[in-house]
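# Structural overview
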Amino acid sequence: MFVSKCLNVNEKGHLTIGGVDTVDIAGKYGTPVIVYDENAVRDNCRAFVRSIDKYYGGNGRVLYASKAFSCLEMCRICSEENMGLDVVSGGEIYTALKAGFPADRMYFHGNNKSEDELKYALENNVGRIVVDNPEELKALSVIAKDMGKTASIYMRIKPGIDAHTHNFIRTGQIDSKFGFALETGEAMECVKLAAETESINLVGLHCHIGSQIFDIDPFVHAAQVMMKFIADIKSQTGIVISELDLGGGFGIKYTEEDKPAAFGAYMEPVSNAIKASAAENDIPVPFVLIEPGRSIAGAEAVTLYTVGAVKHIPNVRTYVSIDGGMTDNPRYILYQSAYTVLCANKADKPRDSVVTVAGKCCESGDLIQENASIQTVERDDILAVLSTGAYNYSMASNYNRVPRPAVLMVKDGNVRTIINRESYEDMVRNDI
Ligand SMILES: *Cc1c(COP(=O)(O)O)cnc(C)c1O
């Protein structure tokens, strides 16, 4: 009935998450508030870890792409679940270190890391730095040499795969700001450059073809292209690439129309393609990494809001205004993302209205969803937006000086705060 198995309806007709009544949560903690089901998040972590163990015989690692939702508690959970962490900024590294996450299991991505960030990563012994461009390679080499260190790097490759997803979340094709192109010879040139660069140890390659992808084929294709490149590197330079990071991008369910593939449905054909290519090209099967973000955290949270004004514009539409919006969930204004919306305190009632859910910011585009099917709502009802666990809080802003919401976690019937609600005082914290 719901997009995530952590959701249900109780005897009062209220939406529950992890068995806890969301209307009670809204009453106790206030709105807007984001609520995760910890067991469901951990189940996803375990399913990925099991699946990579099964198909690569332990010769692999699952990294959580922390940009989907980074905070101390998420880092602790991923550490406990024996995962690595994909980090893309000094701030994400800092958060992970602060949570006690082992630095050797951090992988530092990004198309424009600053020198300070590179230095910070090396100082703290971050496991791998994923180099995006030749300037970065040079800068990293100088910094590492000055520090008397050797940087273990991956190179980010654009495998030239066109994954069918939104333009802004497609990254594997040649016209992308991320990484080295294969077709132009740029990638091979940089491999050779890396091999002769001081204080640099090229150990792996990385690609990430996009996000919210449901097809398996682009993943298989990307793995084949990357393996072919590893074979070409060996034959042209003698260098054996021993680690292959295939990125994330696995789609999740936002609405009933979304049909995500099962974990195994992805891992099996990709691992088969890698093993076949290794045998064919006489190269070892590399240590394989994947980087799920959305598929770890996305479907396992809901955002709860309180309904304010309900504005019927005859023959046009009905606007339902809520006490949050683009400040806590900018995905609709960015990508027109689809969401399932429902009334948490009338979750057992038929969804007999079609409304536009609007945020409270001074932007006409500040919407959460247009033409959403929902129960008939009125002021003070609690509205739930489902699958808001990824790229919501992490993309939140203080536009209009709206404080960011609190984030809670439910586990075995207990609720706890993992990120406090921002205060008005927080809004002026850095003002002088
Ligand atoms: C965003 C990103 C991911 C995670 O993508 P999801 O779609 O959330 O799984 C993984 N790796 C890299 C390099 C990314 O940029």
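Residues numbered from 1 in each chain as written. Predicted model: local features only at pLDDT ≥ 70, side-chain atom pairs only at ≥ 80, totals over all residues. Heavy atoms only, no water.

To continue, consider the site of the ligand. Around the ligand, 15 residues are found, and the nearest of them are Lys-67, Ser-211, Glu-291, Arg-294 and Tyr-391. At 2.7 Å from an oxygen atom of the ligand is found a side-chain nitrogen or oxygen belonging to Lys-67. Residue Ser-211 places a side-chain N or O atom 2.3 Å away from an oxygen atom belonging to the ligand. Coverage of the ligand by the protein chains reaches 94% of its 380 Å² of free accessible surface. (Near = heavy atom within 4 Å. Polar contact = N/O pair within 3.5 Å; in protein donor to acceptor, adjacent residues only side chain to side chain. Areas by Shrake-Rupley, 256 points an atom, 1.4 Å probe, with all protein chains shown as cover.)

Another point: the packing of aromatic side chains. Inspection of the entire model under this criterion finds eight aromatic pairs. Aromatic pair Tyr-36 and Phe-69: ring centres 4.6 Å apart, planes at 15 degrees, arrangement stacked. One end of the pair, Tyr-36, is in strand E4 (residues 33-37); the other, Phe-69, is in the loop between strand E5 (60-65) and helix H3 (72-80), and 33 residues separate them in sequence. Here the two residues Tyr-36 and Phe-69 agree in accessibility, since each one is buried. (Phe/Tyr/Trp six-rings, centres within 6.5 Å; stacked < 30°, edge-to-face > 60°. Helix = DSSP H or I, 4+ residues; strand = E, 2+ residues; numbered from the N terminus. Buried < 20%, exposed > 50% of the residue type's maximum accessible area, 1.4 Å probe, protein only.)

Across all of its chains, the model carries 19 salt bridges by this definition. Residue Arg-42 pairs with Glu-38 through a salt bridge whose shortest N-O separation is 2.8 Å. Placement of the pair is Arg-42 and Glu-38 together in helix H2 (residues 38-56), with a separation of four residues, close to one helical turn. Comparing Arg-42 with Glu-38 shows no difference in burial state: the two are buried. Between Glu-198 and Lys-145 there is a salt bridge, with its nearest N and O atoms 3.9 Å apart. Taken as a pair, Glu-198 in the loop between helix H7 (186-195) and strand E11 (200-206) and Lys-145 in helix H6 (residues 134-147) lie far apart in primary sequence, 53 residues in all. Since its relative accessible area comes to 48%, Lys-145 is described here as partly exposed. (Salt bridge = Lys/Arg side-chain N within 4 Å of Asp/Glu carboxyl O.)

Turning our eyes to something else, we now look at the pairing of strand E21 (residues 414-419). Direction of pairing for strand E20 (residues 406-411) relative to E21: antiparallel, over a ladder of five bridges. Residue pairing in the sheet places Lys-411 in a bridge with Asn-414 of E21. Hairpin connection, E20 to E21: the antiparallel pair is bridged by two residues, and Asp-412 has positive phi, about 50 degrees. (Pairing = 2+ DSSP bridges.)

Turning to the state of the cysteines, a few remarks are in order. Tallied over the full model, the rule gives zero disulfides. Here Cys-190 is not cross-linked by a disulfide; its sulfur's nearest cysteine counterpart is in Cys-207, at 16 Å. With no disulfide of its own, Cys-362 lies 6.9 Å from the sulfur of Cys-361, the closest cysteine sulfur. (Disulfide = S-S within 2.5 Å.)

What follows deals with the packing of H7 against helix H8 (residues 217-237). When two helices pack together, their arrangement is captured by the angle between the axes and the distance separating the axes. The interhelical angle for the contact between H7 and H8, taken along N-to-C directions, is 50 degrees, at an axis separation of 11 Å. In terms of their interaxial angle, H7 and H8 are classed as oblique. Crossing of H7 against H8: the hand is right-handed. Facing Ala-187, Met-188, Val-191 and Lys-192 of H7, the residues of H8 in contact are Phe-229, Asp-232, Ile-233, Gln-236 and Thr-237. For the contact of H7 with H8, the residue count by class is five nonpolar, two polar and two charged. (Axes fitted to C-alpha atoms, helices over the stretch in contact; angles between N-to-C directions. Parallel < 35°, antiparallel > 145°, perpendicular 65-115°, else oblique. Left-handed = near helix turned anticlockwise from the far one by under 90°. Contact = heavy atoms within 4.5 Å. Nonpolar A, V, L, I, M, F, W, Y, C, P; charged D, E, K, R; others polar.)

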